[in-house]
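Per-entry structural report
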Amino acid sequence: MHKLSNNSKAKLSTCHPDLRRLVEASITNCPIDFGISYGERTQEEQFELYKQGREQRGDKWVIVDKLKVVTNVDGYEVLSEHNYSPSKAFDFICFVNGKLVWEEKYYIFVAGYIIAKAQELGIDITWGGNFDRDNDILEKGTFRDLGHIQVA
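Structural notes on the overall build of the protein chain
Scanning the protein chain from terminus to terminus reveals four helices and seven strands. Reading the protein chain from its N terminus to its C terminus gives the helix and strand order α-α-β-α-β-β-β-β-α-β-β. For 152 residues, the compact-globule estimate of 2.2 N^0.38 gives 15 Å, and the C-alpha radius of gyration of the protein chain, at 15 Å, lies within 12% of that figure. Each of the three principal axes of the protein chain carries a C-alpha extent, and together these read 50 × 30 × 30 Å. Looking at the 152 residues of the protein chain, the share that counts as buried comes to 38%. For the protein chain, the proportion of contacts with a sequence separation of at least 24, taken over those separated by at least 6, is 61%.

So this is what it looks like as structure tokens:
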């Protein structure tokens, strides 16, 4: 049986009520422990994430390291679902035996658990591993944000 840390609770408190309800219903019995790493974020915070893996050339930001890119949304020209108040999205992180893990299999599992719980609760969400909602989660050439959930 898992529970959210105070830090995760604070981040979740910035989220849409349906997302808060969803996480609260999911955390207790999810076989893999998870926490909330982001709820609402400022445009400035979004832009800092956008710059990762990019460098400025003239007036454009150009990708120089695809592996470091964490978002394609800059927070200014295009808002992230995190840039609303309350946030329309949250990001989660996974823990195994009390340690933060980054292996995709854990994020896919937790996302599947949260998706099933959302269906049970009647909450329409989109997962960052399946933004196009075609259920092909390992589709080549698509942006994957496996620790991201947003209201649809």
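A closer look at the packing of helix 2 (residues 17-27) against helix 4 (residues 104-121)
Two numbers describe a pair of packed helices, the interaxial angle and the distance between the axes. For the pair helix 2 and helix 4, interaxial distance at closest approach is 9 Å and the crossing angle is 115°. Judged by the twist between their axes, the crossing of helix 2 over helix 4 is right-handed. Between helix 2 and helix 4, the residues in contact are Arg-21, Leu-22, Ala-25 and Ser-26 and Tyr-113, Ile-114, Lys-117, Ala-118 and Leu-121, respectively. Tallied by class, residues from the contact of helix 2 with helix 4 come to six nonpolar, one polar and two charged.

Quick look at the packing of aromatic side chains
Applying the stated criterion across every chain yields a total of six aromatic pairs. Their ring planes at 5° and their centres at 6.1 Å tell us that Trp-102 and Tyr-107 sit as a pair that is stacked. Using a relative accessible area of 4% as the deciding quantity, one classes Tyr-107 as buried. Members of the aromatic cluster, joined through ring pairs, are Phe-34, Phe-92, Trp-102 and Tyr-107. Positioned above the aromatic ring of Tyr-50 is the side chain of Arg-54, whose terminal nitrogen or guanidinium carbon lies 4.0 Å from the ring centre. Positioned above the aromatic ring of Tyr-84 is the side chain of Lys-88, whose terminal nitrogen or guanidinium carbon lies 4.0 Å from the ring centre.

A few points about the side chain of Thr-71
Positionally, Thr-71 belongs in the loop between strand 3 (60-63) and strand 4 (89-96). Side-chain polar atoms of Thr-71 contact the backbone nitrogen of Val-73, separated by 3.1 Å. When residues no more than four places from it in sequence are discounted, the contact partners of Thr-71 are Gln-46, Leu-49, Tyr-50, Arg-54 and Phe-143.

Comments concerning the pattern of salt bridges
A full pass over the atoms with the stated rule returns eight salt bridges. The closest approach of N and O atoms between Lys-51 and Glu-48, which form a salt bridge, is 2.9 Å. With Lys-51 and Glu-48 both in helix 3 (residues 43-51), this residue pair falls three residues apart, about one helical turn. For Lys-51, a relative accessible area of 23% puts it in the partly exposed group.

Re the nonpolar core
In this structure, Phe-34, Phe-90, Phe-92 and Ile-114 are the most contacted members of the largest nonpolar core, which totals 28 residues. Among the elements of the structure, helix 2, strand 1 (33-38), strand 4, helix 4, strand 6 (125-127) and strand 7 (148-151) are those that each provide at least two residues to this core. Sort the elements by how many residues they give to this core and helix 4 lands first, with six residues. The contact partners of Phe-92, leaving out residues within four places of it in the chain, are Phe-34, Gly-35, Ile-36, Ser-37, Tyr-107, Val-110, Ala-111, Ile-114, Leu-146, Gly-147, His-148 and Ile-149.

Parameters at a glance
Residues numbered from 1 in each chain as written. Predicted model: local features only at pLDDT ≥ 70, side-chain atom pairs only at ≥ 80, totals over all residues. Heavy atoms only, no water. Helix = DSSP H or I, 4+ residues; strand = E, 2+ residues; numbered from the N terminus. Rg over C-alpha atoms; globule rule 2.2 N^0.38 Å. Buried < 20%, exposed > 50% of the residue type's maximum accessible area, 1.4 Å probe, protein only. Contact = heavy atoms within 4.5 Å. Axes fitted to C-alpha atoms, helices over the stretch in contact; angles between N-to-C directions. Left-handed = near helix turned anticlockwise from the far one by under 90°. Nonpolar A, V, L, I, M, F, W, Y, C, P; charged D, E, K, R; others polar. Phe/Tyr/Trp six-rings, centres within 6.5 Å; stacked < 30°, edge-to-face > 60°. Lys NZ or Arg CZ within 6 Å of the ring centre and 35° of its normal. Polar contact = N/O pair within 3.5 Å; in protein donor to acceptor, adjacent residues only side chain to side chain. Salt bridge = Lys/Arg side-chain N within 4 Å of Asp/Glu carboxyl O. Core = buried A, V, L, I, M, F, W, Y, C linked by side-chain atoms within 4.5 Å.

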